[in-house]
Amino acid sequence: MITVTELTKKYARHTAVDHISFEVSRGQIVGFLGPNGAGKTTTMRVLTCFLPPTSGRATVAGFDVLEQPLEAKKRIGYLPETPPLYPEMRTDEYLAFVGKLKGLSGAELTKRIDYVFERCAIADVKSKLLGKLSKGYRQRVGLAQTIIHNPEVLILDEPTAGLDPKQINDTRDLIKSLAGDHTIILSTHILPEVEQTCQQVIIINKGKLVATDSVNNLQNRARGAESLLVEVAGRNGDLDSATVKGRLERISGVTRVSFKDQRQNRSTFEVESRKDSFVRGDLARAVVESGWDLNELRPTAMSLEEIFLQLTGEAAQAPPKEEAVPAGASR
Amino acid sequence: MRNVWTIFRKEIRSYFVSPVAYLLLTMFALIFGFFFWNALGYFVFVGMESQMRGQSFPMNVNEELIRPLLSNISVVGLFLIPMITMRLFAEEKRTGTIELLATSPIRDIEVILGKWLAAVTLYAGILLLTAVNFAFLFKYGNPDWKQLAIGYLGLLLQAGALLAIGTFISTLTKNQIIAGGATFGVCLLLWVLEWVSGYETSTWARVLSYMSVITHFESFSKGLLASKDAIFYVTVIFFGLFLTARSMESLRWRS
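S.K.: Summarise the overall build of chain A; cite the residues concerned and give the values.
M.R.: Summing up its helical and strand segments, chain A has 11 helices and 14 strands in all. Sequence separation of 24 or more characterises 66% of the internal contacts of chain A that already satisfy a separation of 6 or more.

The following block contains the structure:
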């Protein structure tokens, strides 16, 4: 549905997109992932025929963005980072205007407008001015605008940016529900979003393609070995972590045990094993037979976040988390 | 063509849901009302005076009343035109809606024509206000309507040319004030270029004076349909719209 070959986009001084190639097949939701300034928006603007590529080719629904832009544009619904709304228009006027721009008219236009009102749950703001809508509604009207002409491809630039958690969920559900009829590319720098909504992920960093794979494969690939989190508790009184660690290490298949934490009589360990050995049963038995309690035993899948940092090699300069070291504290 | 109509309707609507159109119409009605009252008063005064002196040379409503008034309209138009065109593209660039237009299956030229025609239509609406004043002349006098019609045609052509230039300038910036200010400057310059012909007759002066939009309005205000002047305005319109198209295209290559 979308083919990008050796796409490069240079601006006056810097190269925003550097020889990127990827393919997206029909009906998929693809997450376009990268830190801010990685070249996500530029790539999307090339795909939507807004910017011409410096070199390389891009085709959407079989039409080259440079040679047959009008045909390609008919098959694309595009939501830029800020929804392109005219504040002085009413919602229904706006959708009628966009519908006409995209080539709809008459009864078909009316039908599609009714459809998107229902689909995007915006019927209750039908005759409100766009300038007066809340952020969540603006985003939904923006989405309604992308699907009004029932395009084959949807290109969404950070569709959940700046929404509150409930709105983010609603928007994600809406996007997922659209996947059946449309091929969707959505860009984001929020990793859980990709894990939750997308089947495939394309990671770019500083204009270069870092990885492109299905979300599952990517998680597997980065994991290599299986790793388990184990919490063991002593039945009466204290628990000697070193003893437990020694016992766990003797289980066959276990490659490494690392002590993580101890609270009163409970200790947590991270146990790594070879991928194909099924150590969980042995592990549980060993703990119980030694007279301890097994409080917790769960696989620790590597989150996309870790994969992402690993792939982009930016672990050192990762943005600080909200609850990170308070300002002024020093190590 | 259908797309031009879609854009045209959207632009006309946005002129009339914002205060822009009402402000321009009101301002113009007031200013022109004053001009009209003033010119009529002077016309009547001169008429009475010549009668009292007993030398009743014939006075022509077209020559001595309508013609200076048409020139007044064309000058007031210079001030209104920046206000009509400044938001056309600057606003779309500022709010990001230009991305919607640029990624829709319509041609740049259709967007440009739709916007320019909307601007011309608003100006024509403003001109229509003056018809109310002129209607009184037809009630109490007997002016030649053909001369007046040619005058109106000239005003429309002149405004069309300046509006095309204003549309072009509006594509150059995100800031409406800058677009308006620059358009005003260019309009003013195209007006005053004509002054050099008052004392200079060199080739340069003639070229400069030829470039002035006012020079070419002379014949229209006299009620003459001179093809060379009409061609001048049409050329400027094409040139302005052509520049707009190039500028829109370059947005894509630069941005």
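The discussion continues.
S.K.: Let's hear about the overall build of chain B: which residues, and what values?
M.R.: Across its full length, chain B carries 11 helices and zero strands. Overall, chain B shows an N-to-C arrangement of helices and strands of α-α-α-α-α-α-α-α-α-α-α. Taken along the three principal axes of its C-alpha coordinates, chain B extends 75 × 45 × 30 Å. Classification of the 255 residues of chain B by burial places 38% in the buried group. Within chain B, counting contacts between residues at least 6 apart in sequence, those at least 24 apart form 80% of the total.

S.K.: I'd like to hear about the environment of G47 of chain B, residue by residue, with values.
M.R.: Residue and element names in this part refer to chain B. If you trace the backbone, G47 turns up in helix α2 (residues 20–52). Given 13 C-beta atoms within 10 Å, G47 falls into the partly exposed group. Separated by 23 residues in the primary sequence, G47 and L70 place their C-alpha atoms 20 Å from one another.

S.K.: Outline the environment of Y233 of chain B, supporting the account with residue identities and numerical values.
M.R.: Residue and element names in this part refer to chain B. Mapped onto the secondary structure, Y233 falls in helix α11 (residues 227–254). Distance in space between the C-alpha atoms of Y233 and N3 is 26 Å, their sequence separation being 230 residues. Excluding residues that lie within four positions of it along the chain, Y233 makes contacts with L157, Q158, G160, A161 and H216.

S.K.: Just give me the short version of helix α4 (residues 87–95) of chain B, but keep the residues and values in it.
M.R.: Residues and elements named next belong to chain B. When α4 is considered as a whole, its buried residues turn out to be R87, L88, F89, A90, E92 and K93. On its buried side, α4 packs onto α3 (61–85), α5 (98–102), α6 (108–140), α7 (145–170) and α8 (176–192). Of the residues one or two after α4, G96 is the one with positive phi, at around 85°.

S.K.: Please give an account of the packing of helix α1 (residues 2–17) of chain B against α6 of chain B that cites residues and values.
M.R.: All names here are of chain B. It is the contact of α1 with α6, at a shortest axis distance of 8 Å, that shows an interaxial angle of 45°. Judged by the angle between their axes, α1 and α6 are oblique. Crossing handedness for the pair α1 and α6: right-handed. Two secondary-structure elements touch here, α1 through N3, V4, I7, F8, E11, I12 and Y15 and α6 through E110, V111, L113, G114, K115, L117, A118, T121 and L122. Per-class residue counts for the contact of α1 with α6 are 10 nonpolar, three polar and three charged.

S.K.: Account for the interface of chain B and chain A, naming residues and giving values.
M.R.: Between chain B and chain A, the contact holds 18 residues from the first and 21 residues from the second. Secondary structure elements with two or more residues in the side of chain B that touches chain A: α1, α5 and α11 of chain B. Looking at side-chain class alone, the side of chain B that touches chain A contains six nonpolar, nine polar and three charged residues.

S.K.: Pulling in residues and values, what's your account of helix α1 (residues 40–47) of chain A?
M.R.: Buried residues dominate α1 of chain A, accounting for eight of its eight residues. K40, T41, T42, T43, M44, R45, V46 and L47 of chain A are the residues of α1 of chain A that are buried.

S.K.: Quick one: what's the story with the sheet that holds strand β2 (residues 15–24) of chain A, residue by residue and with numbers?
M.R.: Residue and element names in this part refer to chain A. What the four strands build is an open sheet, ordered β2-β1-β4-β5; its pairing is antiparallel. Taken across any chain shown, the strands that pair with only one partner, and hence form the sheet edges, are β2 and β5 (63–64). In terms of strand pairing, strand β4 (residues 55–60) meets β5 through two bridges, oriented antiparallel. Following the sheet pairing, T59 is matched in β5 by D64. The sheet contacts of α1 involve β1 (2–10), β2 and β4, and relative to β1 the element is tilted by about 120°.

S.K.: Summarise the packing of α3 of chain B against α8 of chain B; cite the residues concerned and give the values.
M.R.: Residues and elements named next belong to chain B. It is at 8 Å that the axes of α3 and α8 come closest, and there the two elements cross at 150°. With respect to their mutual orientation, α3 and α8 come out roughly antiparallel. Classified by chirality, the crossing of α8 by α3 is right-handed. On α8, the residues touching L78, I81, P82, M83 and T85 of α3 are G180, T183, F184, C187, L188 and W191.

S.K.: Which residues make up the pairing of β1 of chain A, and what are the values?
M.R.: Residue and element names in this part refer to chain A. Strand direction decides the pairing type here: β1 and β4, joined by five bridges, are antiparallel. Residue pairing across strands places T8 opposite S55, the latter belonging to β4. As paired elements, β1 and β2 share six bridges and run antiparallel to each other. The residue bridging K10 from the neighbouring strand is T15, located in β2. Where β1 hands over to β2, the hairpin turn is made up of four residues, counted between the paired strands.

S.K.: Account for the domain arrangement of chain A, naming residues and giving values.
M.R.: Each domain of chain A was delimited in the assignment, giving domain 1 (2–221) and domain 2 (224–299). Computed from C-alpha atoms alone, the centre-to-centre distance between domain 1 of chain A and domain 2 of chain A is 46 Å.

S.K.: Talk me through the environment of P143 of chain B; I want residue IDs and the actual numbers.
M.R.: Residue position: P143 of chain B is located in the loop between α6 and α7. Along the primary structure P143 of chain B and N60 of chain B are separated by 83 residues, whereas in three dimensions their C-alpha atoms are 7.9 Å apart.

S.K.: Any details on unusual backbone geometry? Residues and values, ideally.
M.R.: All names here are of chain A. Unusually for a residue other than glycine, E6 sits at a positive phi of about 50°. Relative to the elements of secondary structure, E6 occurs in strand β1. Residues other than glycine seldom take positive phi values, yet A61 does so here, at roughly 55°. Among the secondary structure elements, A61 is positioned in the loop between β4 and β5. For A61, a count of 17 C-beta atoms within 10 Å translates into the label partly exposed.

S.K.: Hey, could you go over the sheet that holds strand β7 (residues 153–157) of chain A for me, with residue numbers and the actual values?
M.R.: What links the strands of a sheet is backbone hydrogen bonding, and the strands pair in either a parallel or an antiparallel sense. All names here are of chain A. Spatial ordering of the open sheet is given by β6-β7-β8-β3-β9-β10, a layout of six strands whose pairing is mixed. Each end of this open sheet is capped by a strand with a single partner; those strands are β6 (76–79) and β10 (208–214). Pairwise comparison of adjacent strand axes, ignoring direction, gives a mean angle of 15° for this sheet. As paired elements, strand β9 (residues 200–205) and β10 share six bridges and run antiparallel to each other. Counterpart to I202 in the pairing with β10 is T212. Contacting β3 (29–33), β7, β8 (183–188) and β9, α1 crosses the sheet at an angle of about 150° to β7. Docked against the sheet, helix α5 (residues 135–147) engages β6 and β7, running at close to 165° with respect to β6.

S.K.: Could you give me a rundown of the confidence of the model for chain B, with the residues and numbers involved?
M.R.: This prediction gives chain B a mean pLDDT of 90; 98% of its residues lie at or above 70. Across the interface, the model reports ipTM at 0.88; the global pTM reads 0.82.

Reading the values: rules and limits
Residues numbered from 1 in each chain as written. Chains lettered and ligands numbered in written order. Predicted model: local features only at pLDDT ≥ 70, side-chain atom pairs only at ≥ 80, totals over all residues. Helix = DSSP H or I, 4+ residues; strand = E, 2+ residues; numbered from the N terminus. Contact = placed C-beta atoms within 7 Å. Buried ≥ 20, exposed ≤ 12 C-beta atoms within 10 Å, placed from the backbone. Axes fitted to C-alpha atoms, helices over the stretch in contact; angles between N-to-C directions. Parallel < 35°, antiparallel > 145°, perpendicular 65-115°, else oblique. Left-handed = near helix turned anticlockwise from the far one by under 90°. Nonpolar A, V, L, I, M, F, W, Y, C, P; charged D, E, K, R; others polar. Pairing = 2+ DSSP bridges. Domains from an automatic or database assignment. pLDDT = per-residue confidence, 0-100.

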